[in-house]
Every structure is written in structure tokens, then in C-alpha cells.
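Here's the letter readout for the chains.
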Amino acid sequence: MHAELQLDNQICFRLYTATRLVTQAYTPILTALGITYSQYLVLMVLWEKDNQPVNDIAHRLLLETNTVTPLLQRMEKLGIVSRKKGELDKRQQIVSLTKKGKELEENAYVKVSSAWKKQLSTCPLKPEDYPRLAQELDCIIDSLKK
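Another point: the pairing of strand S3 (residues 93–97). Most of S3 sits out of view: four of its five residues are buried. Of the strand pairs in this sheet, strand S1 (residues 52–53) and S3 are connected by two bridges, and their pairing is antiparallel. Within the sheet, the bridge partner assigned to proline 53 lies in S3 and is isoleucine 94. Pairing analysis gives five bridges linking strand S2 (residues 81–85) to S3, with the strands arranged antiparallel. Within S3, the residue paired with lysine 85 across the bridge is glutamine 93.

Pasting the structure below:
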């Protein structure tokens with residue numbers, strides 16, 4: 001067998017496993033907040049900058065608009081976001097946080113950050129290491145986007 005094909009030698013397996021386990025760890029916290037992991041990602045984009053076109057949100061999440069639109073429709077039904085036509089371009093949909101969506105930010109911060117610290121408490125990775133890890137993951141993401 002080729003050594004490169006062994007599971008333990010595959011970075012893709014580690015990334016897949018980390019993604020799956022992070023999502024799994026977030027699920028009970030986010031369920032208690034009444035949102036899904038995908039909705040949480042959209043909220044993080046809007047907490048950074050409110051009133052964004054659907055295209056910008058999709059771009060920021062590296063997703064297609066046809067993936068983001070149904071997600072936003074469900075979030076609108078939950079009263080977390082609102083959508084309206086763009087003033088300059090009526091074809092554009094502008095997504096805004098509602099009062100409920102804005103209030104979720106503080107709750108999410110408290111619950112997610114404490115759970116994240118607890119989860120990583122036994123890991124040698126420390127908060128000061130996060131920027132370097134993020135940079136390395138961004139490098140992988142950038143090369144795969146091409």
C-alpha cells in the first residue's frame with residue numbers, strides 16, 4: 001500500500017474529523033439558542049456587518065447564493081433576520097438582523113466561548129496559537145478554492 005493513501009497520513013481526514021466534531025460540539029449549545037450551526041455562521045457574518053446583500057453573505061461563507069437563500073428564509077421565519085429589496089438595485093436582497101438576531105449575539109458569545117474553552121482545555125493549542133492555525137487553514141482553503 002502507498003503510504004500517502006494511509007488514513008493517518010491524510011490531512012483531509014483530520015480536517016473532516018475536526019469539522020464534524022466541532023459542529024457536533026456546537027449543536028447542543030446552538031439548539032438551546034434555537035439556531036443551527038449554518039444559521040450561526042450567517043449570524044456571525046451579520047454581527048460583523050449588518051445590512052448585507054445575500055451575495056456578500058454567500059461570498060463570505062464560501063457558499064453559493066442558492067445554498068444561502070433557503071437558510072435565510074428559515075431565519076426570517078424565526079424572526080432572526082429580515083430581507084428587503086435593495087434601494088439601488090431592486091434585484092438585490094439586503095439581509096438585516098432583527099432585534100432578536102442582535103440579542104442572540106451576547107447569548108451566543110457567552111455560551112459558545114465558555115464551551116469552546118472547556119472543549120480545548122486539555123489541548124496544548126492555546127488562544128495565542130489561533131491566529132497561526134487560522135492562517136495555515138486559510139492557506140489550505142485558498143489553494144483549494146482555485
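That covers the picture; the talk isn't over yet.
Ranked by internal contacts, the top residues of the largest apolar core, which has 27 residues, are Ile35, Tyr40, Val42, Leu43, Ile57 and Met75. Secondary structure elements with two or more residues in this core: helix H1 (11–33), helix H2 (37–48), helix H3 (54–60), helix H4 (65–77), S3 and helix H5 (99–119). Leave out the neighbours within four places in its chain, and isoleucine 35 touches Leu30, Tyr40, Leu43, Ile80 and Leu104.

What counts and what doesn't
Residues numbered from 1 in each chain as written. Predicted model: local features only at pLDDT ≥ 70, side-chain atom pairs only at ≥ 80, totals over all residues. Heavy atoms only, no water. Buried < 20%, exposed > 50% of the residue type's maximum accessible area, 1.4 Å probe, protein only. Helix = DSSP H or I, 4+ residues; strand = E, 2+ residues; numbered from the N terminus. Pairing = 2+ DSSP bridges. Core = buried A, V, L, I, M, F, W, Y, C linked by side-chain atoms within 4.5 Å. Contact = heavy atoms within 4.5 Å.

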